[in-house]
Amino acid sequence: MADLQAERGDERIVVNMGPQHPSTHGVLRLILEMEGESVLEARCGIGYLHTGIEKNMEVRTWTQGVTFCTRMDYLTPLFQEVAYCLSVERLLGITEDVPEKATVMRVLLMELNRISSHLVAIATGGMEIGALTVMTIGFRDREMILDAFELITGLRMNHAFIRPGGVANDLPDNGIAKLRDTVAWLKKHLPEYAALCNENPIFKGRLGGVGHLDLSGCMALGITGPVLRSTGYGWDLRKQQPYCGYETYDFEVPTWDTADAYGRFRVRQEEMWQSLRIVEQCIDRLERMEGEPVMVADAKIAWPAQMSIGPDGMGNSNEHIKHIMSQSMEALIHHFKLVTEGFRVPPGQAYVPIESPKGELGAHLVSDGGTRPYRAHFRDPSFNNLQAVPIMCEGSMISDVVVAVASIDPVMGGVDR
């Protein structure tokens, strides 16, 4: 490619943007053919972060698979865990057996995670065009959500908290109070993004009309999430194909009609408010569910045993350790087999899609009847949405490429899984 360019007599040049450039969201490499400041051709170079997550899952038990998929899109870990576990539960035939409290906790964590993901999208997008205050307040507010995650799951990211059959732990004693504090904080501070950006002439000038992609383009390329909803089409799997009881929650699907970067910003902004509505409904439900189980009753699937948080933030309950170590040899054998070998899943395949902050995220799992997946494959929305980079960027200025990529909000951990 470089040799061909050297022989040309015009002013065209090839520029490598990334893979280390901060505005390429990790390790995305953009190969731009340019004339002056104008982009004539744009191509995505991916694969710089390849982790082999899907292949590694084939040599781990079904439960251990959660610790792999949570690390794909590292800004939306809980969505990958839920999609994976819903697929495992469909293969096991226990979808209806998952306790209601576990399902409500999954919805609560997902919607908080949706807000934190959108905060990063808005914060980094602002940083890349010089709106540094947007970046600092975005990460400030996300920190509050990560504190809540740490209290509930023991970790800020890569939680491995959602498990086949339910969730690993019940809420801690002060969980409800902490969640209410987090909601109050977000209600107080989310209006700042609208005040800083919505009618800001510089912000609108940098985002308006940039990265344009209409509905027919989204449909042709299989693009979902805020990019699709910015065209005015309110496609959201929580409404269209409900899962985890989303049909029982009161919320709206925000859309915009400009099909550009500004529209995607406004969609994400409004989605944070709708997620907050769902979170409040979850907290009210959880308050009435104190003491209810959070893991399926089948002892051959429920792993690990119900845990109690120790001084280190993790640890098995003392009652369980006492039981398996000094009271019942059968319980010790069962625990050992379940942890080391895992449970068996009937032969078959399942694909369960859910609505992640970036679009449709699906987990396709194949079982041969063993204790580990025969194949695992994820439909990661960032991977599909990146197809839009050429059509969004070709014909625009190089400064608009940064805005267009930011409006897609790709995370390369999910693309290069």
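Above: the structure in question.
Residues numbered from 1 in each chain as written. Predicted model: local features only at pLDDT ≥ 70, side-chain atom pairs only at ≥ 80, totals over all residues. Heavy atoms only, no water.

Q: Where do I start with the overall build of the protein chain in this structure?
A: Scanning the protein chain from terminus to terminus reveals 19 helices and eight strands. Taking 2.2 N^0.38 as the reference for a compact globule, 417 residues should give roughly 22 Å; the C-alpha atoms of the protein chain span a radius of gyration of 23 Å, in line with that estimate. Principal-axis analysis of the C-alpha atoms places the extent of the protein chain at approximately 85 × 50 × 40 Å. Put simply, 70% of the contacts in the protein chain that link residues at least 6 apart link residues at least 24 apart. Of note, the protein chain has its 39 positive side-chain charges centred 3 Å away from the centre of its 54 negative side-chain charges. (Helix = DSSP H or I, 4+ residues; strand = E, 2+ residues; numbered from the N terminus. Rg over C-alpha atoms; globule rule 2.2 N^0.38 Å. Contact = heavy atoms within 4.5 Å. Lys, Arg positive; Asp, Glu negative; His and termini not counted. Charge placed at Lys NZ, Arg CZ, Asp CG, Glu CD.)

Q: Whenever I open this one, the packing of helix α7 (residues 175-189) against helix α13 (residues 261-287) confuses me. Can you help?
A: Any two packed helices are characterised by the angle at which their axes cross and by the distance between the axes. It is at 11 Å that the axes of α7 and α13 come closest, and there the two elements cross at 160 degrees. As the angle between them shows, α7 and α13 are arranged roughly antiparallel. Of the two elements, α7 crosses α13, and the hand of that crossing is left-handed. Counted together, I176, L179, R180, V183, L186 and K187 of α7 and W273, L276, V279, E280, I283, D284, L286 and E287 of α13 form the full contact between these two elements. Split by residue class, the contact of α7 with α13 holds nine nonpolar, no polar and five charged. (Axes fitted to C-alpha atoms, helices over the stretch in contact; angles between N-to-C directions. Parallel < 35°, antiparallel > 145°, perpendicular 65-115°, else oblique. Left-handed = near helix turned anticlockwise from the far one by under 90°. Nonpolar A, V, L, I, M, F, W, Y, C, P; charged D, E, K, R; others polar.)

Q: Just checking my understanding: could you explain the packing of helix α6 (residues 132-153) against helix α8 (residues 191-198) for this structure?
A: α8 packs onto α6 with a crossing angle of 170 degrees between their chain directions and a minimal axis gap of 11 Å. With respect to α8, the axis of α6 lies roughly antiparallel. The residues of α8 that touch α6, namely those facing T133, V134, I137, G138, R140 and D141, are E192, Y193, L196 and C197. Of the residues assigned to the contact of α6 with α8, the class counts are five nonpolar, two polar and three charged.

Q: How should I be thinking about the sheet that holds strand β3 (residues 38-45) in this particular structure?
A: Neighbouring strands of a sheet are bound in pairs by backbone hydrogen bonds; such pairs are parallel or else antiparallel. Read from one edge of the open sheet, three strands run β1-β2-β3, paired in antiparallel fashion. If you trace the sheet from one side to the other, it starts and ends with β1 (12-17) and β3, each paired once. Neighbouring strand axes in the sheet, compared pairwise and without regard to direction, differ in orientation by 20 degrees on average. One ladder, built from seven bridges, connects strand β2 (residues 29-35) with β3; its direction is antiparallel. The residue bridging L30 from the neighbouring strand is C44, located in β3. (Pairing = 2+ DSSP bridges.)

Q: Where do I start with the side chain of D236 in this structure?
A: Among the secondary structure elements, D236 is positioned in the loop between α11 (226-229) and α12 (237-240). Excluding residues within four positions of it along the chain, D236 makes contact with R229, V253 and E355.

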